[in-house]
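Summary of the model geometry
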Amino acid sequence: MAEVSAEVSATLETPDRAREADDPHSLMVKFGADKPLRLDAGVELSPFQIAYQTYGALNSARSNAILVCHALTADQHVANVHPVTGKPGWWETMVGPGRPIDTERYFVICPNVLGACMGTAGPASTNPATGQPWGLDFPMITVRDMVRAEAMLLDHLGIDSLFSIAGAEQGLRNPVSAYG
């Protein structure tokens, strides 16, 4: 079963910064034990969560979705104020009303990549077995694992196909095999 949390905040107090890994100020879906992510390393990651941001509206045909991928050093805050730093989104010049990725035409989804620290399962998030941050015990992940996690998010959102994929890691991915 997947749960979605939609609490978003413009800024965070210092004590909240440490909690961003588990309790992000973004949309979030939690995948329970019934929906494990099978990693290339041969282990199942479960439970786990994916934090993401969306911009624009999904049309009735569900055919206008664009997945924006971020570099490993970025996050899901592509076109909104970053809740930790207070800085503008990292791609506001490209994503927004009237911009090249026009949120008046397209539904933009930007997930925080698996293994990152802004609300998606990664070394900074809590290991459910120990109650402590995963740290170096977090399983090794591959780009294919990241893509499978994003595909699970798209399935959860009811998006069967994408209009387009864009972003920093787009060239590393094989959207035909992972996203349909």
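Residues numbered from 1 in each chain as written. Predicted model: local features only at pLDDT ≥ 70, side-chain atom pairs only at ≥ 80, totals over all residues. Heavy atoms only, no water.

1. Focus: the pattern of salt bridges
For the structure on display, the rule yields 3 salt bridges. The partner of Asp40 in a salt bridge is Arg144, and the shortest N-O contact between them spans 3.2 Å. One end of the pair, Asp40, is in the loop between strand E3 (37-38) and strand E4 (44-45); the other, Arg144, is in helix H2 (residues 143-156), with 104 residues separating them in the sequence. Look at Arg144 and you get exposed, because its relative accessible area is 55%. (Salt bridge = Lys/Arg side-chain N within 4 Å of Asp/Glu carboxyl O. Helix = DSSP H or I, 4+ residues; strand = E, 2+ residues; numbered from the N terminus. Buried < 20%, exposed > 50% of the residue type's maximum accessible area, 1.4 Å probe, protein only.)

2. A short note on H2
The terminal C-alpha atoms of H2 lie 20 Å apart, and with 14 residues this matches the ideal 20 Å at 1.5 Å per residue to within 8%. Along H2, the residues that are buried comprise Asp145, Met146, Val147, Ala149, Glu150, Ala151, Met152, Leu153 and Leu154. Backbone geometry just downstream of H2 places Gly158 in the positive-phi region, at approximately 75°. (Expected span 1.5 Å × (residues − 1).)

3. A look at the packing of aromatic side chains
Applying the stated criterion across every chain yields a total of 4 aromatic pairs. An angle of 25° between the planes, with centres 5.2 Å apart, marks the rings of Phe31 and Phe48 as stacked. You can see Phe31 sitting in strand E2 (residues 27-31) and its partner Phe48 sitting in strand E5 (residues 48-55), a full 17 residues away along the chain. Here the two residues Phe31 and Phe48 agree in accessibility, since each one is buried. Relative to Phe163, the ring of Tyr106 lies with its centre 5.0 Å away and its plane at 35°, an arrangement referred to as tilted. (Phe/Tyr/Trp six-rings, centres within 6.5 Å; stacked < 30°, edge-to-face > 60°.)

4. Considering the pairing of strand E9 (residues 107-111)
For E9, the tally of buried residues reaches 5 of 5 residues, placing the bulk of the element in the interior. The alternating pattern of E9 places Phe107, Ile109 and Pro111 and Val108 and Cys110 on opposite faces, both of which are buried. One ladder, built from 4 bridges, connects E5 with E9; its direction is antiparallel. Residue pairing for E9: Tyr55 is matched across the bridge by Val108. Pairing analysis gives 3 bridges linking strand E6 (residues 65-69) to E9, with the strands arranged parallel. Counted as the bridge partner of Ile66 is Val108 from E9. (Pairing = 2+ DSSP bridges.)

5. Regarding the state of the cysteines
Overall, the coordinates contain 0 disulfides when judged by the stated rule. Not part of a disulfide, Cys110 finds its nearest cysteine sulfur in Cys69, a span of 7.5 Å. (Disulfide = S-S within 2.5 Å.)

6. Describing the environment of Ala51
Relative to the assigned elements, Ala51 resides in strand E5. Through-space distance from the C-alpha of Ala51 to that of Glu20 is 10.0 Å; in sequence the pair is 31 residues apart.

7. Topic: the side chain of Ser26
Note that Ser26 resides in the loop between helix H1 (14-17) and E2. For Ser26, the side chain forms a polar contact with the side chain of Gln53, separated by 3.1 Å. (Polar contact = N/O pair within 3.5 Å; in protein donor to acceptor, adjacent residues only side chain to side chain.)

8. Observations concerning the confidence of the model for the protein
The predicted model of the protein averages 86 in pLDDT, with 83% of residues at 70 or higher. Every residue in residues 3-14 is under pLDDT 50, and counting partners more than four places away or in other chains gives 27 contacts. The low-confidence segment residues 170-180, where pLDDT is below 50, has 22 contacts with residues more than four positions distant or belonging to other chains. (pLDDT = per-residue confidence, 0-100. Contact = heavy atoms within 4.5 Å.)

9. Thoughts on the nonpolar core
Core analysis: the biggest nonpolar cluster contains 28 residues, and Leu37, Leu45, Phe48, Ile109 and Leu114 have the highest contact counts within it. When contributions to this core are tallied by element, the ones reaching two or more residues are E2, E5, E6, E9 and H2. Take this core: its biggest share by element is 5 residues, from H2. If we ignore the near neighbours within four places in the chain, the residues touching Ile109 are Tyr52, Gln53, Thr54, Ala65, Ile66, Leu67, Val68, Leu153, Leu154, Leu157 and Ile159. Tyr55, Val95, Val108 and Ala166 belong to the second-largest nonpolar core, a separate cluster that totals 10 residues. (Core = buried A, V, L, I, M, F, W, Y, C linked by side-chain atoms within 4.5 Å.)

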